[in-house]
Amino acid sequence: MQTLTINNNDRLLIVAPHPDDECIGPGGLLALYPQLCKVVVLTDGRQGQGDRPPEVEKQIRKQEFVSEMQKAGVRDYEMLEYEDGGLMQHTECLEKLDLTPFGKIFVTGIHDNHPDHTAAFVSVQQALKKQGITDVEIYLYEVHAPLRETTHILDITRVLEKKLSLIRCHQSQLTSLPYDKMARCLAEYRALQNRADGCYFESYTYMSPLDDPDSSTVELEKKWQKSVLFYWILTRWMDWKIAGKRIADVLLKQNWRQIAVYGYAELGQLLCRELAEGEAHVSYLLDKRVADSGIKNLPVYIPQSGLPQVDAVVVTAVYYFDEIKEELSKMGYQNIISFRTLLEMDE
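Worth saying up front: this structure is predicted, and the values here are computed from it rather than measured.

Cut-offs and rules
- Residues numbered from 1 in each chain as written.
- Predicted model: local features only at pLDDT ≥ 70, side-chain atom pairs only at ≥ 80, totals over all residues.
- Heavy atoms only, no water.
- Phe/Tyr/Trp six-rings, centres within 6.5 Å; stacked < 30°, edge-to-face > 60°.
- Helix = DSSP H or I, 4+ residues; strand = E, 2+ residues; numbered from the N terminus.
- Buried < 20%, exposed > 50% of the residue type's maximum accessible area, 1.4 Å probe, protein only.
- Lys NZ or Arg CZ within 6 Å of the ring centre and 35° of its normal.
- Core = buried A, V, L, I, M, F, W, Y, C linked by side-chain atoms within 4.5 Å.
- Contact = heavy atoms within 4.5 Å.
- Pairing = 2+ DSSP bridges.
- Axes fitted to C-alpha atoms, helices over the stretch in contact; angles between N-to-C directions.

**Q** Just to check I follow, could you spell out the packing of aromatic side chains for this structure?
**A** Centre-to-centre distance and the angle between the planes together describe a pair of aromatic rings. As enumerated under the stated definition, the model contains seven aromatic pairs in all. Their ring planes at 70 degrees and their centres at 5.4 Å tell us that F106 and Y204 sit as a pair that is edge-to-face. Here Y204 lies in strand β8 (residues 201-207) and F106 lies in strand β5 (residues 104-108), a separation of 98 residues in the sequence. A residue is classified by how much of its surface remains accessible, and Y204, at 0% relative accessible area, is buried. Residues Y319 and Y320 carry aromatic rings whose centres are separated by 5.1 Å and whose planes lie at 85 degrees to one another, so their mutual orientation is edge-to-face. Taken together, the ring pairs in this structure connect F106, Y139, Y204 and Y206 into an aromatic cluster. Seen from the ring of W232, R340 lies directly overhead, with NZ or CZ sitting 5.4 Å from the centre.

Next comes the structure, spelled out in structure tokens:
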């Protein structure tokens, strides 16, 4: 086990999937060397621990992050605000950020029990490869799960309380899981592993920029993220049904009466059943694989220009929404909305 050495002329980049990962993981590093650090948070944190509407949640978490950076004394920070829970669809997110000034990059690993955390690591690797950078040190940090193998330790004993105070800037995330207590326990455990009773350590795993992530693990994480998104939609929809809410009411509030539904798998079929014979109705389906809806007077078209005009297109293939929206926009469609977003509009 080596001691993580930081020099006064080092430039450190901390990449966090969500606002608070940067302090739960390398918060001691941040407290020790705030003037050397740039912090980049990749998502908007909208799917955090709270039960608030996602649009409200993301604003709360952004303010918490800014407060943390001010408390830490970090001047160089930003949030890219990709949608929380879908980062695997945006692993190109760091490619436009110039990574050449940084000698050390800290990021979550591929075994941290969250698809966005895997995606953050993949994003760093992709950006370095695209920019042709090979002379940088990558260090994985731990948030949800202990690192499987650690190569470096950092003694954070004298700044432990500062690290915990940074974590506590994110009060919205401490209601269901006390990350401050978790971070303290993990830091004590890492110190005891190294026979340093009474001390607190952060642990890191060094990786070369030439080391590629296990492709099978990445694919598994993508499938997991897709399943989690599907589960979120179904549970939110069920909650709506129990509360007596209707999808049609949300559409009508936007003055959308003639709807096209993109994707006729399970979600698309259920949505068509709910909107059947309502004031807001499905005019036709868009699907590249399905030829027949099985419903009278409900045609299926391959996405293309020149189809009948509709007020909005609801995309039920939510995992691929961004690329689908871009495709449909080029065909002239307006008001293209993810079914996931639709379920957030009446919050």
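**Q** It is not clear to me how the nonpolar core should be interpreted in this structure. Could you clarify?
**A** Residues L94, I247, L251 and F339 are the most contacted members of the largest nonpolar core, which totals 56 residues. At six residues, helix α4 (residues 115-130) tops the list of elements feeding residues into this core. Once residues lying within four places of it in the same chain are set aside, the contact partners of F339 are I233, W237, I247, L271, V314, V315, T316 and V318. Among the nonpolar cores identified, the runner-up in size contains 38 residues, and A16, V74, F106 and Y139 belong to it.

**Q** What am I meant to see in the sheet that holds strand β9 (residues 258-262) here?
**A** Across a sheet, paired strands are connected by hydrogen bonds in the backbone, their directions being either parallel or antiparallel. Overall, parallel pairing links the five strands, which are arranged β11-β10-β9-β12-β13 in an open sheet. The open sheet has two edge strands with one neighbour each: β11 (300-301) and β13 (336-338). When strand β10 (residues 281-286) meets β11, the two strands line up parallel, connected through two bridges. Note that in β11 the partner of L286 across the bridge is Y301. Along the sheet face, helix α9 (residues 266-275) touches β9, β10 and β12 (312-315) and points at about 160 degrees away from the line of β10. Across the sheet, helix α10 (residues 321-330) touches β9, β10, β12 and β13, and the angle it forms with β13 is around 170 degrees.

**Q** How should unusual backbone geometry be read in this particular structure?
**A** Glycine aside, negative phi is the norm for most residues, and most peptide bonds take the trans geometry. Its identity is not glycine, yet N255 carries a phi of approximately 65 degrees, on the positive side. In this fold, N255 is placed in the loop between α8 (247-253) and β9. With phi around 55 degrees, N335 is a residue other than glycine that occupies positive phi space. With respect to the helices and strands, N335 occurs in the loop between α10 and β13.

Take it as geometry only, folks, not as evidence of what the structure does.
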